[in-house]
Amino acid sequence: MLSIKDLHVSIAGKEILKGLNLEVKKGEVHAIMGPNGSGKSTLASVLAGREDYEITKGEIYFHQQDLTEWDPDVRAKEGIFLAFQYPVEIPGVSNANFLKTAVNEIRKYKGLDPLTAVDFLKLIKEKARLVELDASMINRSVNEGFSGGEKKRNEIFQMAVLEPELAIMDETDSGLDIDALRIVSDGVNHLRSDDNAFVVITHYQRLLNYIVPDVVHVLHDGKIVRSGDKSLALELEEKGYDWIKSDPASAV
Amino acid sequence: MENQDNKLQDKLVRQFADFEKNWNGSVSEHFRNLRKEAIHHFGRMGFPTTRQESWKYTNIKPATANAYESAVDPPEPISRDAIAPYLLPETCRLVFVNGQFQPDLSEIPELSAQMVVQPLSRAFKEHPELLEEHFARYGKYEGSSLTALNTAYADGGTFIYIPDQTISEHPVHLIYLTDGRSGHRISYPRNLVVAGKNSQVKLIETSASTGGEACFVNAVNEVRVMDHAHVEWFKVQEENLLDFHVDHAFVNQDQNSYCKIHTVTTGSAITRNDLNITLNGSGCETHLYGLYWLGSKQHVDNHTLIDHARANSYSNELYKGIMDGQSTGVFNGKVMVRQDAQKTNAFQSNKNILLSDEATINAKPELEIYADDVKCSHGATSGQLDEQSLFYLKSRGIDPGKAAALLTFAFASEVLEHISVEPLKQYLSEKIQQRTGIAW
Amino acid sequence: MTEEDKILEEFTRSEYKYGFTSNIEQELLSKGLSEETVRFISAKKDEPEWLLEWRLKAFRHWQTLREPKWPKVEYPPIDFQDISYYAEPKEKKKLDSLDDLDPEIRSTYEKLGIPLEEQKMLAGVAVDAVLDSVSVATTFKETLAEKGVIFCSMSEAVQNHPELVRKNIGSVVPYTDNFYAALNSAVFSDGSFCYIPAGVRCPMELSTYFRINAANTGQFERTLIVAEEGSYVSYLEGCTAPMRDENQLHAAVVELVAHKDSEIKYSTVQNWYPGDKDGKGGIYNFVTKRGICKGDRAKISWTQVETGSAITWKYPSVILKGDHSIGEFYSVAVTNNYQQADTGTKMIHLGQNTKSRIVSKGISAGKSNNSYRGLVKISRKARNARNFSQCDSLLMGDQCGAHTFPYLEVSHPSAIVEHEATTSKIGEDVLFYCQQRGINEEDSVALIVNGYCKEVLNNLPMEFAVEAQKLLAISLEGSVG
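Only a predicted model underlies this, so the values are computations on that prediction, with no experimental measurement involved.

Cut-offs and rules
- Residues numbered from 1 in each chain as written.
- Chains lettered and ligands numbered in written order.
- Predicted model: local features only at pLDDT ≥ 70, side-chain atom pairs only at ≥ 80, totals over all residues.
- Domains from an automatic or database assignment.
- Contact = placed C-beta atoms within 7 Å.
- Helix = DSSP H or I, 4+ residues; strand = E, 2+ residues; numbered from the N terminus.
- Nonpolar A, V, L, I, M, F, W, Y, C, P; charged D, E, K, R; others polar.
- Pairing = 2+ DSSP bridges.
- Axes fitted to C-alpha atoms, helices over the stretch in contact; angles between N-to-C directions.
- Left-handed = near helix turned anticlockwise from the far one by under 90°.
- Expected span 1.5 Å × (residues − 1).
- Buried ≥ 20, exposed ≤ 12 C-beta atoms within 10 Å, placed from the backbone.

Comments concerning the domain arrangement of chain B
All names here are of chain B.
- Taken domain by domain, chain B holds domain 1 (2–280) and domain 2 (387–440).
- Distance between the C-alpha centres of domain 1 and domain 2: 32 Å.
- Facing nine residues of domain 1, the contacting portion of domain 2 comprises seven residues.
- The set of elements that each furnish at least two residues to the side of domain 1 that touches domain 2 consists of strand E8 (200–212), strand E10 (230–237) and strand E12 (258–265).
- Of the residues that constitute the side of domain 1 that touches domain 2, the class distribution is six nonpolar, one polar and two charged.

Shown next, in the form of structure tokens:
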């Protein structure tokens, strides 16, 4: 589904990703771990198409299509979803209105008729239950005045409504208490299927107790220096990132 | 009144000829021409009137109704007691009376290498090239007739020059005393401060008076803050309630420089302060703080302009006013962000408390913005002491008068706490406390 | 004086003496403004003597005034003698079908979602639908008449309700008020008159009626609304459809009189021709709008969405005279290309316990300049007055300007006055977030801008709120990217 080859990315002239390779297939959950500054969030931003990031070398394919020239909204319409590390607030725009616009734009792109108000309402009620989101939040402005936990839950709620093929979760666990972490993880696990894939970016192993990954990658200095199964995450937790930092070569 | 205005205006223009004669060829052609042009300009423009937008709320006619004379020479003797209340320890001190330098009352310690702190009149003779380079370069008089008048007559005042890489050890304390004991006096304090690259200096400027007849102070200050220089300037205005004080300041900041200005006003019948800050370089930082506490029929008008001309600068402004009696406070703060000044952050806040039924505040915070990638905000409020806080204090057994005093002091403290010269902070805190009637 | 001059003077005088008005049917009023022009207009409308006198006083006063220069707008000098001050209402050119309409205008109608019937009406298509609307209008008229509500053109009001007009005209905006108010008072063409009797809640949004009956009221419109004790009325002026007009200068006056316990809600959607992309042409819109809360507990609320005109210069104001009276001002002003807007409000607190609220949202794009200018005045006697103002500016593009000039004048210690203003760019983070959810850039901008303006749009009558949202999006098309 997603294929990244020798990806080099710079921001403001500074190289952050230095030859990253990643293959994600349908039905898989990949975890990407790494210390601060290793390039985790850059990877998420580049996949979603944020400006300011310059791809200096390498390729990114989504379903065998080069996505690097696509606008962010086209990527979303093609089925790529980014759960933001810092979801923004949009004053005056209700969650319902926001999502309805998004759902119908995506449906239009796929040649489907827009959802009727009734069908849309049914859909969001069902999905809200999934992440234990209070119904009143649907009528509030997007993320405005939400707590950190509510914002993250709202990200997963949006993910549930938009049903992407590839979901990238950028440090969704940061700032979450254990209850919120459980709710978010339950939501994700519920959405997992053979037709979609997840890239879970995290600094800590704890989230991976709840969202069990098929593959764990360790990112260091802009490259994946090690890949393995879920036990790698535990090993990393035990030994700390210095293990990778001090001797990346031996770790590979 | 109209006539009186013209009378004073005509007199000041006429007297310039006598003033000119006294130079006896000691003034360079450059300055002779500058002063002539300036007085000409004043003669054409006259005193400002409330018909001008920038003087809408301040009528200076009462100030121009008196027949002022310049200082007499030699000046009347003045005792050390007259300045005693304003003295601060460990400063480099210059004292002026009606604009004339008083060597006996001044105290200039040995200064860091090459640093210059001297009366402007001497600087004209000793540092003509520096003056030619900087004098009247920042304080353009075209837009202000009072600046023109000062430019024509200015010789009382201080020249401060801090060379590159120099840190001024002591704060420089300038005391400007008006002496109206033998009649109405007009004076033209003029300070020129040039802070070289990576230099640092703190200035304290006290304006006070001895009493007597009403005096008119028409001051102009020019400050150049070069790359990475750090200037802090504290203006304390506590003349008596007959006096009139007009003060135009022009600050030019080069890139990565820092400037902080405090203006604390408790005195004068009418005070008008104009702070014009131009941020000519990127990466500048500017903080303006103001406190005005007025009673009886006092009138204070604070105009500030922060002109962001280049990118990535930051400015922050906090002015607070307490108005009692029949006093009037005016705040006009303008933040200008020019097209090249992307990534500017500018914040401005003006808060006022009215303590009496007959007090007035006129506030006009302005934003004029021509760059898009900016974060700017301003706020202005007027109100009374917070009812809930008052109730809380009273419920703890504090009597209403004292509760109000405590809260008023707390309101003022927000400005005072940013003063970095400890003895000055102490001095002002005590003064404000006295005024609130708090005995500690 | 030469002999020739004397003859000329006598001749002109005598012409007046023998009734300049007698043969006006044949007269064609040429360009220029003089007492004769004023007399001509008044005579043409068959106005009573007092109104003519009032117009003349206004004209003489106007001659002593100079054009205001303080607004932050720039335009070439206006030659007031080069304007024609009276023209017979022109019949709109009838089209056979909507297909004959300028495709650009038609596409805008469609984007706005204006119903087909209304599109035809706006475009002046002669079809049966117009007949329907006439009958609809008649029904409205009957409903209003039942309640005693008077709603007619100013000219009709002068003929049919002269005492009401005489009592109220110029009572809120005297002709001495300002240059353009004086000009309007001298030469006003027509406008609306609305009177709500005591205790009556006007049974419909007067907007609906107004829209169908929108006549060509000319460039010097004058509107007067009087709400008697305990009454309520909601009035909407203008419409979202783009309005083109041959007259470049528009100087309207609107006066609102709210008596004890009454409420007037006045909404405006202004979409006059803003000029082309290079700033050529466009309407100069210099308007004086003011209401007075005359009695206790009266309320006046102004809501405006301003997207049109090359230059907008208006400050809908409220004089809060009655105790406990309330004034509100909600505004969205959009400027794009070379448009200039200097708009805001004045809240004059005279009575005790009076309250005012100001919410202004400015959006600048292109090479435009958008200024908020407002005054909050708390007078000596206005005990316990409250004001809250929020003025936000949104910048789109680095060639435009956004300015805020609030004036706060407080003369009572019990007043609580708060003003807040922010200026910022449309957030790139927010744009990216919307796009990441599959919404394209243009729609994202529209979504964000509508959210930003929501507090104001919520105050518009329902059907206009929807259109106004679309209007904002259309006005900002192509301004990001």
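Now that the structure has been shown, the text picks up again.
What about the sheet that holds strand E4 (residues 53–62) of chain A?
All names here are of chain A.
- The strand order across the open sheet formed by four strands is E2-E1-E4-E5, and the pairing between neighbours is antiparallel. If you trace the sheet from one side to the other, it starts and ends with strand E2 (14–24) and strand E5 (65–66), each paired once.
- Examined bridge by bridge, strand E1 (residues 2–11) and E2 share eight bridges and lie antiparallel to one another. Residue pairing across strands places Leu-7 opposite Leu-20, the latter belonging to E2.

A closer look at the packing of helix H2 (residues 29–45) of chain B against helix H6 (residues 145–153) of chain B
Residues and elements named next belong to chain B.
- Running from N to C, H2 and H6 point in directions that differ by 145 degrees, and their axes come no closer than 8 Å. Viewed along their axes, H2 and H6 form a crossing whose handedness is left-handed. Each of Leu-34, Arg-35, Ala-38, Ile-39, His-41, Phe-42 and Met-45 in H2 lies in contact with H6, whose residues at this interface are Ser-145, Ala-148, Leu-149, Thr-151 and Ala-152.
- Looking at the contact of H2 with H6, its residues break down into eight nonpolar, three polar and one charged.

Focus on the interface of chain B and chain C
- Taken together, the contacts link 32 residues of chain B with 30 residues of chain C.
- Counting only elements with at least two residues in the side of chain B that touches chain C, the list comes to strand E19 (360–369) and strand E20 (375–383) of chain B.
- Of all the elements, E19(B) adds the most residues to the side of chain B that touches chain C, at ten residues.
- In terms of residue class, the side of chain B that touches chain C is made up of 13 nonpolar, eleven polar and eight charged.
- Where E20(B) and strand E19 (residues 416–425) of chain C come together, eight bridges link them in antiparallel fashion. Directly across from B:Cys376, in E19(C), lies its bridge partner C:Thr423.

A short note on helix H12 (residues 441–452) of chain C
- In this model, H12(C) (twelve residues) spans 16 Å end to end at C-alpha, consistent with the 16 Å of a helix rising 1.5 Å per residue.
- Of all the positions in H12(C), only C:Ser444, C:Val445, C:Ala446, C:Leu447, C:Ile448, C:Val449, C:Asn450, C:Gly451 and C:Tyr452 are classed as buried.

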